[in-house]
Amino acid sequence: MEPLLNGTGITRSFGPTPALRGVDIDVAEGEIVAVTGPSGCGKSTLLHCLAGILRADSGTVTYRDQNLGLLSEAARSRLRRTEFGVLFQFGQLVPELTAVENAALPLLLAGSGRREARTVALGWLDRLGVADLADQRPGAMSGGQQQRCATARALVTGPRVLFADEPTGSLDALTGEQVLGEIVQVARAQNTAVVLVTHEAKVAAYADREVTLRDGVVDATGLGLGMRA
Amino acid sequence: MSTAHVLLGLLAAGPRHGYDLKRAHDEQLPRAKPLAFGQVYATLGRLERDGFVVASSPERDGGPDRTSYVITEAGRAHLAAWLSSVEPPAAHVTGEIFSKVVVALLAADDTTAHDYLIAQRAAHMRRMRELTAAKTGPNATTAELIAVDYAIGHLDADLQWLQTTLRRVAGPDKE
């Protein structure tokens, strides 16, 4: 089966420092793939390249037969708004907007009417158990509530791929687990693929499989560190 | 772990038959080894001998054994003492994985140690995925969540220790 998303030979450097040194990765429709590895292994950079937020220096990222590297900035931006959802460690909600306004944002950017966007966003807040906070601003919410709102925002357009970078990294163990359980449950119900970046085995265990990076390359051993083999 | 204390704990809420006790044990400790009937009755026999429970047998009319067991005051005191006594943190480091990794690093060639560690990690991750799926399933009871959390926490501790050990042994110049 053709993968939904494919990265082949991805390299990316920041100045003289190589972050990715030729990574191959496939993500199938509806599949949850954990990208794991120690700090600095390149996992967040890989997520940014796959999501079209960063351009790879070389190699290709293909989403449904579209080579992201060949798309215009406007086309990539459209793809990110409609087909991809992104969720970071700290929800990155807009502090001046209420929960429902935050969650509706991607729909408004994609051209939906205000009323319709609000209705859909409210539905997502409800699915994530935070509908009662719809008119609160992020400052009045707990970390777990903010992450639930950010998840609603990431999923509001019905994306085919959710990119989640340490989505529960800033939450306590139990809240993190609850939020992660909800993300995975909703993604499975929607058949949304998830690229889940984490350094924790417990979080990776929510995925169908894991891809481990070490020093910017895939470490097939899964150990994420070099043994003297 | 003491089956006797668990049975006393289950009887603290009210009298139960042997079969009830087995079922309640298996429900409350869902990831523990299921209790065998023989063990239930043997344990109840010892608790009765020690005066911690008494058996009450209503008249039987050829039906199944309906003997129910009632916790005594001495039984409650014994249970309370157990619940308030602190389990000493383990004095010695034991565990098959611990020994095996140490011996692998000492005695095996690099390839053997390496292959073992990869396979062990994969087995732990597989189990952790199964347990995670069980706890995120629609029918997970609180007892199940508690038991699975415990199992995942221990697997995770093993995994973290494995990786830390490897990094220590590899050292910066060997990476």
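These numbers were taken from a predicted model, which means no experiment stands behind them. Throughout, a residue's number is its position along its own chain's written sequence, starting from 1. Whichever chain is written first becomes A and whichever ligand is written first becomes 1, with later ones labelled in order. In keeping with the predicted nature of the model, local features appear solely for residues at pLDDT of at least 70, side-chain atom pairs appear and are counted solely at 80 or more, and the whole-chain, interface and lining totals rest on all residues.

Describing the overall build of chain B
Note the threshold: Per the convention used, a helix needs a DSSP run of H or I reaching at least four residues, while a strand needs a run of E reaching at least two, with both numbered from the N terminus. Computation of the radius of gyration draws on C-alpha atoms alone. For the globule rule, the value is 2.2 Å times the number of residues to the power 0.38. Each residue is classified by how many other C-beta atoms fall within 10 Å of its C-beta atom, where C-beta atoms are placed from the backbone; a count of 20 or more means buried, 12 or fewer means exposed, and values in between mean partly exposed. Think of it this way: build a C-beta for each residue from its backbone, and any pair within 7 Å is a contact.
Helices and strands together make up the secondary structure of chain B, namely seven helices and three strands. Order of helices (α) and strands (β) in chain B, N terminus to C terminus: α-β-α-α-β-β-α-α-α-α. The C-alpha radius of gyration of chain B comes to 23 Å, more than 25% above the 16 Å expected for a compact globule of 175 residues. Expressed as lengths along the three principal axes of its C-alpha atoms, the size of chain B is roughly 75 × 40 × 25 Å. Burial statistics for chain B: of 175 residues in total, 18% are counted as buried. Pairs at least 24 residues apart make up 52% of the contacts formed inside chain B by residues separated by at least 6 positions.

A look at the domain arrangement of chain B
All names here are of chain B. Put simply, the rule is: Source of the domain bounds: an automatic or database domain assignment. The residue classification treats Ala, Val, Leu, Ile, Met, Phe, Trp, Tyr, Cys and Pro as nonpolar and Asp, Glu, Lys and Arg as charged. All others, Gly included, are polar.
Assigned domains within chain B: domain 1 (3-84) and domain 2 (96-174). The straight-line distance from the C-alpha centre of domain 1 to that of domain 2 is 36 Å. In this assembly, five residues from domain 1 lie in contact with five residues from domain 2. For the side of domain 1 that touches domain 2, the residue count by class is two nonpolar, one polar and two charged.

Observations concerning unusual backbone geometry
Residues and elements named next belong to chain A. Residue Arg-64 is not a glycine yet carries a positive backbone phi of 45 degrees. Mapping Arg-64 onto the fold places it in the loop between β4 (58-63) and β5 (66-67). Judged by the 14 C-beta atoms lying within 10 Å of it, Arg-64 falls in the partly exposed class. One non-glycine residue with positive phi stands out, namely Asp-215, at about 50 degrees.

Details of the sheet that holds strand β2 (residues 17-27) of chain A
Residues and elements named next belong to chain A. The condition is simple: At least two bridges found by DSSP between two strands is the condition for calling them paired. Lines fitted to C-alpha atoms define the axes here, with helix axes fitted over just the stretch in contact, and angles between the N-to-C directions of these axes take values from 0 to 180 degrees.
The sheet built from four strands is open, its strands ordered β2-β1-β4-β5 with antiparallel pairing. Looking along the sheet, the strands with just one partner apiece sit at the ends: β2 and β5. In this sheet, β2 lies alongside strand β1 (residues 5-14) in antiparallel orientation, the contact comprising eight bridges. Within β2, the residue paired with Ser-13 across the bridge is Pro-18. Against the sheet, helix α1 (residues 43-50) engages β1, β2 and β4, with an angle of about 120 degrees to β1.

Quick look at the pairing of strand β8 (residues 193-197) of chain A
Residues and elements named next belong to chain A. Across the five residues that make up β8, a large majority, five, are buried. The side-chain alternation of β8 yields two buried faces, one formed by Ala-193, Val-195 and Val-197 and the other by Val-194 and Leu-196. Relative to β8, strand β3 (residues 32-36) is paired through four bridges, and the arrangement is parallel. The residue bridging Val-33 from the neighbouring strand is Val-195, located in β8.

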